[in-house]
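Each chain, letter by letter, is given below.
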Amino acid sequence: MNVLEFSRRQVQIARVLGIPVKADYRWFVVFALMMWLTATNIREYVSDQFVALLLGAATTLAFFISIFGHELAHALAARLENIQTQEIVLHPFGGLARMEREPDNPRAEFRIAIAGPAASFLFGILFLAAMLVVYAAGSKIAAALFFLLFFGNVLLAVFNLFPGYPLDGGRVLRAFLWHRGYELNEATKLTGRCGQIIAIALIIFGSFITLMRGDLFTGVWTVLVGVFLLDSASGIVGYTLKTDKLTVGEVMSSPFALKPDISVSQLIDTILPLHRQTAFLVAQSNQLHGVLTLDDLQKLPRESWHKTKVQQVMRPVNDDFFVDSATRLQDARELMRENGVGALAVLDHNGLLVGFLQRGKIRKKV
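The rules behind these values
- Residues numbered from 1 in each chain as written.
- Predicted model: local features only at pLDDT ≥ 70, side-chain atom pairs only at ≥ 80, totals over all residues.
- Heavy atoms only, no water.
- Helix = DSSP H or I, 4+ residues; strand = E, 2+ residues; numbered from the N terminus.
- Buried < 20%, exposed > 50% of the residue type's maximum accessible area, 1.4 Å probe, protein only.
- Polar contact = N/O pair within 3.5 Å; in protein donor to acceptor, adjacent residues only side chain to side chain.
- Contact = heavy atoms within 4.5 Å.
- Axes fitted to C-alpha atoms, helices over the stretch in contact; angles between N-to-C directions.
- Parallel < 35°, antiparallel > 145°, perpendicular 65-115°, else oblique.
- Left-handed = near helix turned anticlockwise from the far one by under 90°.
- Nonpolar A, V, L, I, M, F, W, Y, C, P; charged D, E, K, R; others polar.
- Pairing = 2+ DSSP bridges.
- Patch = residues over 30% accessible without salt bridge, like charges linked within 9 Å, V, L, I, M, F, W, Y side chains within 5 Å.
- Areas by Shrake-Rupley, 256 points an atom, 1.4 Å probe, with all protein chains shown as cover.
- Salt bridge = Lys/Arg side-chain N within 4 Å of Asp/Glu carboxyl O.
- Phe/Tyr/Trp six-rings, centres within 6.5 Å; stacked < 30°, edge-to-face > 60°.

Caption draft 1: Highlighting the side chain of His70. Mapping His70 onto the fold places it in helix H3 (residues 49–80). When its relative accessible area of 1% is taken as the criterion, His70 is described as buried. Among the polar contacts made by the side chain of His70, one reaches the side chain of His74 at a distance of 3.3 Å. Not counting residues up to four positions away in its chain, the partners in contact with His70 are Gly116, Pro117, Ala119, Ser120, Phe123, Leu156, Asn160 and Asp168.

Here's what the structure looks like:
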């Protein structure tokens, strides 16, 4: 499924801290099903069916808000690492915080990955505390509902710590492998394989529960989770295999370069509104002179913008700022993570500028 097809199956339901929050259309079916199941399970405490449905809806909503909190924790941890979140999507089996780019290093990857399960464990503790309080007050129905929320969040945290990508535990494992010297793409591929193994195990286990124990709901639900995870993990493995073969020339953008003698105020007033980039190549007659980043401009006093030329604040060319079009995309990504500007010029065999790469803005061809 391509990005366009996937996006057509979503609807935006909120915007939190500047992050669009979307729901897969199938999520509404799962919400209704969980609401009904919750209401059914508390009928021994509530005689009125309508009240039971209201309590089921409130409990289901609280659970999905905690799932959203899990994903928001990922997004906030990513923001601390200077990585923006494009969107948070609620789907039938959980949620997804879609980042604009990969983390810069294993430590950042670990912090972003572990934030979600940590949030779920925290929610679980809060719901457990609430359960104990209302139980002591004599409200058995509220205690039962808070127990469901406690159990659901702890289960969510534990399941997400399974060491298979795209689960959070898979990302933790990826961070470890990356730290141990594996290339990020190779670490992603290995943890994706682990995700496939976990998914197949879930499918087998769910089938066993359905056929041998007769628990249709639990078994089918486990199988569906396994199928969903298998599809995601297989997609990630397939993507990394294709990415391994890509070269810079296949994904680079057409180069846009600043002339060395334009003023910083001209860049800010007339160019930046049209070209939303964090780094700009500086070139004359297709000869690369340097790279200018917005971080560099922040150090320049505003009153100096009109009299300061771009060439005065740009970073002079060095070997970390350019590659040729035959360079492997993975090597170029690694270089962008390390060169301090998050971008690369692409030069031909004559040293002339022919392309541009920037982290998080690479044209997808896989």
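Caption draft 2: Representation of the packing of helix H4 (residues 106–136) against helix H6 (residues 168–179) within the structure. Running from amino to carboxyl end, H4 crosses H6 at an angle of 165°, the nearest separation of the two axes being 8 Å. One finds that H4 runs roughly antiparallel with respect to H6. The two elements H4 and H6 cross, and the hand of that crossing is left-handed. Contacts from Pro106, Glu109, Phe110, Ile112, Ala113, Ile114, Gly116 and Pro117 of H4 reach H6 at Asp168, Arg171, Val172, Arg174, Ala175, Trp178 and His179. Split by residue class, the contact of H4 with H6 holds 9 nonpolar, 2 polar and 4 charged.

Caption draft 3: Up close: the packing of H3 against helix H5 (residues 140–160). Packing of H3 against H5 brings their axes to within 10 Å, and their N-to-C directions diverge by 30°. The orientation of H3 relative to H5 falls into the category roughly parallel. The way H3 lies across H5 gives a crossing that is right-handed. Contacts between H3 and H5 pair Leu55, Thr59, Ala62, Phe63, Ser66, Ile67 and His70 from the former with Ile141, Leu145, Leu149, Gly152, Asn153, Leu156 and Asn160 from the latter. Classifying every residue of the contact of H3 with H5 gives 8 nonpolar, 6 polar and no charged.

Caption draft 4: Fine view of the sheet that holds strand E3 (residues 85–91). What the 4 strands build is an open sheet, ordered E1-E2-E3-E4; its pairing is mixed. Since the sheet does not close on itself, it has two edges, and those belong to strand E1 (10–16) and strand E4 (94–99), each with one partner. Taking the axes of each pair of neighbouring strands and ignoring which way they run, one obtains an average angle of 25° across the sheet. Pairing of E1 with strand E2 (residues 19–24), which is carried by 6 bridges, proceeds in the antiparallel orientation. In the strand pairing of E2, Gln10 is matched with Asp24.

Caption draft 5: View of the sheet that holds strand E9 (residues 322–324). Across the sheet, which stays open at both edges, the 3 strands sit in the order E9-E10-E11 with mixed pairing between neighbours. Taken across any chain shown, the strands that pair with only one partner, and hence form the sheet edges, are E9 and strand E11 (353–358). Going from strand to strand, the sheet's axes swing by 30° on average, the running direction of each strand aside. Here E9 pairs with strand E10 (residues 343–347) via 3 bridges, running parallel. Residue pairing for E10: Val323 is matched across the bridge by Val346.

Caption draft 6: Inspection of the pairing of E3 at higher detail. Counting buried positions along E3 yields 6 of 7 residues, so the element is predominantly enclosed. Alignment of E2 against E3, held across 3 bridges, turns out to be parallel. Considered in E3, the bridge of Lys22 is made with Val89. Across 6 bridges, E3 lies against E4 in antiparallel orientation. The residue bridging Ile88 from the neighbouring strand is Ala97, located in E4. A loop of 2 residues connects E3 with E4, the two strands running antiparallel in sequence.

Caption draft 7: Quick peek at the environment of Thr191. The residue Thr191 is located in helix H7 (residues 184–212) in this model. On a C-alpha basis, the gap between Thr191 and Leu177 in space is 9.1 Å, while along the polypeptide they are 14 residues apart.

Caption draft 8: Broad picture of a nonpolar patch on the surface. A cluster of nonpolar side chains, contributed by Phe121, Val158, Leu161 and Phe162, occupies part of the molecular surface with about 290 Å² of accessible area. Looking at the element boundaries, Leu161 is found in the loop between H5 and H6. Owing to a relative accessible area of 34%, Leu161 belongs among the partly exposed residues under this scheme.

Caption draft 9: View of the packing of aromatic side chains. Applying the stated criterion across every chain, the model contains 10 aromatic pairs. When the ring of Trp27 is compared with that of Phe31, the centres are 5.5 Å apart and the planes differ by 50°; the resulting orientation is tilted. Pair noted here: Trp27 and Phe31 are both in helix H2 (residues 25–41), with a separation of 4 residues, about one helical turn. Exposure remark for Trp27: the relative accessible area of 8% places this residue in the buried category. Ring geometry for Phe147 against Phe151: centres 6.3 Å apart, planes inclined by 20°, an arrangement best described as stacked. Of this pair, Phe147 and Phe151 both sit in helix H5, 4 residues apart, roughly one helical turn. Look at Phe151 and you get partly exposed, because its relative accessible area is 47%. An aromatic cluster is built from Trp27, Phe28, Phe31, Phe63 and Phe64, whose rings are joined through pairwise contacts.

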